[in-house]
Amino acid sequence: QVQLVESGGGLVQPGGSLRLSCAASGSIFSIYTMGWYRQVPGKQRELVSTISSGGSTNYADSVKGRFTISRDNAKNTVYLQMNSLKPEDTAVYYCNADVLLAIPVVMRKIYWGQGTQVTVSS
């Protein structure tokens, strides 16, 4: 089974920075797209950013220019560098991965991490 584990969340002041990490482990043959989503209580989970296996990126308009997504394919890890943080960035951030597995059979499946809390407050 595949597991995604996020880290790097915490409390920061407005204008500060955080770097989130998400490492995938398990019976992974390869990972297609990886991404970050966030959710505030009472609201729908929303896309923050995605990155393909080839490095093509996509960002929500609200974070464009402030956040940068990257990945290390050798480590099956995706990162989200968050700069110039605003109070409205406060949310639980979830890692997402489109995984091609080889054990016990070849199959493709979406996995989610457990989430990491990001709080931006003065």
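Worth saying up front: this structure is predicted, and the values here are computed from it rather than measured.

Draft legend 1. Structural view of the nonpolar core. In this structure, W36, L80, M82 and Y93 are the most contacted members of the largest nonpolar core, which totals 31 residues. Residue assignment for this core shows that the elements contributing at least two residues are strand 3 (18-25), strand 4 (28-39), strand 5 (46-51), strand 7 (67-72), strand 8 (77-82), strand 9 (91-101) and strand 11 (116-120). In terms of residues, this core owes the most to one element, strand 9, which gives six residues.

Draft legend 2. Layout of the layout of surface pockets. By volume, the largest pocket is sized at about 200 Å³. Every residue lining the largest pocket is listed: R38, Q39, V40, K43, Q44, E46, S62, R66, K86, E88, D89 and A91. Among the residues forming the lining of the largest pocket, the class breakdown is two nonpolar, three polar and seven charged.

Draft legend 3. Local environment of the state of the cysteines. Per the counting criterion, the structure on display carries one disulfide. A sulfur-sulfur separation of 2.0 Å characterises the disulfide bridge that pairs C22 with C95. Across the disulfide from C22 to C95, rotation about the S-S bond amounts to roughly -85°, and the bridge is consequently left-handed. On the criterion of sequence distance, the pair formed by C22 in strand 3 and C95 in strand 9 is long-range, its members being 73 residues apart. Classification of C22 by relative accessible area gives buried; the value is 0%.

So, how was this worked out
Residues numbered from 1 in each chain as written. Predicted model: local features only at pLDDT ≥ 70, side-chain atom pairs only at ≥ 80, totals over all residues. Heavy atoms only, no water. Core = buried A, V, L, I, M, F, W, Y, C linked by side-chain atoms within 4.5 Å. Buried < 20%, exposed > 50% of the residue type's maximum accessible area, 1.4 Å probe, protein only. Helix = DSSP H or I, 4+ residues; strand = E, 2+ residues; numbered from the N terminus. 1 Å grid on protein atoms, 1.4 Å probe; cavity = no way out; pocket = protein on both sides within 12 Å on 5 of 7 lines; lining within 4 Å. Points joined across faces, edges and corners; volume = space filled by probe spheres on them. Nonpolar A, V, L, I, M, F, W, Y, C, P; charged D, E, K, R; others polar. Disulfide = S-S within 2.5 Å.

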